[in-house]
Every structure is written in C-alpha cells, then in structure tokens.
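# Summary of structural features
Spelled out from the first residue to the last, the chains are:
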Amino acid sequence: MDKHKIKEAARILSFAHFPIALTGAGISEESGIPAFRGEGGLWAKYNPAEYAHINAFLENPKKVWQMLKELDGILRAAKPNPAHKVLALMEAEGLLKGIVTQNVDNLHQAAGSKRVVEFHGNAFCLRCLSCGRAYKKEDMSSEQPLIDLIQDVPRCHCGGLLKPDVVFFGENIPTRALLEAQVLTAACDVMLIIGTSGEVAPANYLPYDAKQHGAKIIEINLEATILTEAVTDIFLQGKASKVLIALEEEIRGMRGKKS
Ligand code: APR
C-alpha cells in the first residue's frame, strides 16, 4: 500500500466539507459474499441473463428462486467487516456524510452507518409484483407469505408473485434511491469509491457526475477499473478493510496534530 497516497487521501478527506462513499460488492467480499465479476464471481456461476434479469424471473420464478435461496444463506451468515465499520465510524466522526451502495446485503446499516442509499434495493425485503406489498424478512414470523407449493415460490396474500426487493437487470432504480444518490453526488466535494468495477449503469454515472462538478475522486480497489483512468484522482490499491483502516488511522493522526 502506497503510504504517500494514503497521506494525500487522508489530507483531502480531513479537509473535505461533504465527503461521500460509493460502494460495490468488493467491500462485502471480506464478509464472505462473493462479488459479481472477476474470478469466482457470482456471474461466472449464474448467467445473469438467466438469473438476474426481470424477464428471466417472470418466465421461470422457480429457477431464479432456487439461486436466490442459495444466496440467502450467504447473506444471512454475513457480518460487517472492518471496512463497513470504518465507514460507520467516519460518519459518526463527521468524516463521511453518506453512502450510496450498490450492495443489497444491509451490511452498512448493520455496521452502524445511518445515511445509506440502497441504489439496488435490499435483499432482506420481498415485494409483491401484483399489489406492491412489502414483507420484511426479519418479521416474516408474524406475517408469513404463502408458499406456492406447486411452483415452490413465495406468494403474497393477494396471490401475487413475491421477488426480493432488489433491482434486477431490466428494472429501473427506485425513484427515491436515484434522487437521494443524485443529491448526495451533487453535494459532495470528495467521492470515496470502494470495491466496484464501475461496470453497471446508472450507478457508474455517479463518479462522472461528481468529477464534473469538481469533486476529488479517491478509489479503493484490488485492481484498476474503468473508473481509474477516467475519473480517479487517487487510486489506493488493496483490500478495502486494510486500506480503510490505514486511511482512518492517518486521518486520526492528522486531527491529533491539528487539535
Ligand atoms: N477490496 C477492494 N476491492 C475488492 C475486494 C476487496 N476485498 N474484492 C473485490 N474487489 C473489487 C473487484 O476488483 C471489483 O473491481 O470489487 C469490484 C467488484 O466488482 P463487481 O463484482 O462488478 O461488483 P459491483 O461493481 O458492485 O457490481 C455492480 O452489478 O451485477 C450488478 O447489481 C449488481 O450491484 C451489482 C452491480
């Protein structure tokens, strides 16, 4: 890890007025949740056209629900890792004003982050495709959806098909999440981009929007991405938890000197 770059990034963050973070699957990989792309990624095992597109879900909900149930076990077992915890600490110390996450694993909230925009929804909530009713998985005990024993898929009490409240390919970003993400991006003077390949729109427009109005872009990733060349001012190569711990320590040291 490049110590000079850590120092430079810490200096920028400690003087920032409205720093935000944009996170992707890479920040949760150290919590045991596989990322989507690259070696061992989810999309290497499940073709997203067959398992993560809304049309595939409507054509064969049973098949997609089989994959979703397998993922459910991984998501339920996952706990926040130090990267999530450092971001929550930075927010508590006023060093971060919000997080826009592409992840649906609820780990930022579990780590204590308060202002989290779930750009792709939340896997712990089910929504009825007919009446729009939402079922939060954690309080399913009180209000169990019906299980369609023939299709072996969960159904709403209205009889409609239930799907996880996450954005499938072919679906729009929820309006509220889109607007909140745009407000945070427009307000930020630093965007900390952590663990995303930057491959998926419209989430990957946000770094360009931030750059366009003069925000500093700090990117943390195991490897360079399409964003690195295009918008990144400081690229911190390494595991999210390791880099964020070093960054937070450096900022703390700078604050100690200032006070
Ligand atoms: N620390 C930092 N970066 C990491 C780590 C780690 N421990 N592990 C993996 N990465 C990086 C990878 O190098 C990669 O650049 O995280 C990135 C993960 O990229 P993707 O798997 O493409 O995940 P993401 O960018 O979040 O995907 C965006 O695509 O399929 C859709 O809806 C899905 O939200 C997802 C969206």
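### As for the pairing of strand E4 (residues 121-128)
In terms of burial, E4 is a largely internal element, seven of the eight residues being buried. Here E4 hands over to strand E5 (residues 134-136) after five residues, with Gly-132 in that stretch at a positive phi of 80°.

### Some details on the nonpolar core
Grouped together as the largest cluster of nonpolar side chains are 29 residues, with contacts concentrated most on Leu-87, Leu-192, Leu-244 and Leu-247. Elements with a minimum of two residues in this core: helix H1 (3-15), helix H6 (82-92), strand E9 (190-194), strand E10 (216-221), strand E11 (234-237) and helix H11 (240-258). With seven residues, H11 is the largest single contributor of residues to this core. Discounting chain neighbours no more than four positions away, the residues touching Leu-247 are Ile-6, Ala-9, Ala-10, Leu-13, Leu-192, Ile-220 and Leu-236.

### Let's talk about the pattern of salt bridges
Pairing of side chains with opposite charge becomes possible as their charged atoms draw close. Going through the model one piece at a time under the given rule, you end up with 12 salt bridges. In this structure, Arg-76 and Asp-72 form a salt bridge, with 2.7 Å as the shortest nitrogen-oxygen distance. Of the two residues, Arg-76 and Asp-72 are both situated in helix H5 (residues 61-77); the distance of four residues between them amounts to about one turn of the helix. Using a relative accessible area of 16% as the deciding quantity, one classes Asp-72 as buried. Among the charged side chains, a network of salt bridges with common partners joins Glu-93, Glu-248 and Arg-252.

### Side note on the domain arrangement of the protein
For the protein, the domain assignment lists domain 1 (1-32 + 81-120 + 173-259) and domain 2 (34-77 + 123-166). Distance between the C-alpha centres of domain 1 and domain 2: 28 Å. The interface of domain 1 with domain 2 comprises 10 residues on the first partner and 10 residues on the second. Taken together, the two surfaces of domain 1 and domain 2 that pack against each other cover about 760 Å², and 64% of this comes from carbon and sulfur. Joining domain 1 to domain 2, the criterion identifies zero salt bridges. Remark: the boundary between domain 1 and domain 2 carries one residue pair in polar contact (both at pLDDT 80 or more).

### Describing the side chain of Asn-103
Mapped onto the fold, Asn-103 is located in the loop between strand E2 (98-101) and helix H7 (107-111). In terms of polar contacts, Asn-103 uses its side chain to reach the backbone amide nitrogen of Ala-25, at 3.0 Å. Residues contacting Asn-103, with those up to four places away along its chain left out, are Thr-23, Gly-24, Ala-25, Ile-27, Ser-28 and Gly-121.

### Focus: the packing of aromatic side chains
Evaluated as defined, the whole model comprises four aromatic pairs. Seen from their ring centres, Trp-43 and Phe-169 are 6.3 Å apart, and the 55° between their planes marks the pair as tilted. Of this pair, Trp-43 sits in helix H2 (residues 42-45) while Phe-169 sits in the loop between strand E8 (162-166) and helix H8 (175-187), placing them 126 residues apart in sequence. Relative accessible area serves as the criterion here: at 32%, Phe-169 is assigned to the partly exposed category. Through a chain of ring-to-ring contacts, the aromatic side chains of Phe-36, Trp-43 and Phe-169 assemble into a single cluster. Over the ring of Tyr-51 we find Lys-63, and its NZ or CZ is 4.9 Å from the ring centre. Directly above the ring of Phe-168 sits Lys-163, whose terminal nitrogen or CZ lies 4.5 Å from the centroid.

About the criteria used
Residues numbered from 1 in each chain as written. Predicted model: local features only at pLDDT ≥ 70, side-chain atom pairs only at ≥ 80, totals over all residues. Heavy atoms only, no water. Buried < 20%, exposed > 50% of the residue type's maximum accessible area, 1.4 Å probe, protein only. Helix = DSSP H or I, 4+ residues; strand = E, 2+ residues; numbered from the N terminus. Pairing = 2+ DSSP bridges. Core = buried A, V, L, I, M, F, W, Y, C linked by side-chain atoms within 4.5 Å. Contact = heavy atoms within 4.5 Å. Salt bridge = Lys/Arg side-chain N within 4 Å of Asp/Glu carboxyl O. Domains from an automatic or database assignment. Buried area = accessible area lost by both parts, 1.4 Å probe. Polar contact = N/O pair within 3.5 Å; in protein donor to acceptor, adjacent residues only side chain to side chain. Phe/Tyr/Trp six-rings, centres within 6.5 Å; stacked < 30°, edge-to-face > 60°. Lys NZ or Arg CZ within 6 Å of the ring centre and 35° of its normal.

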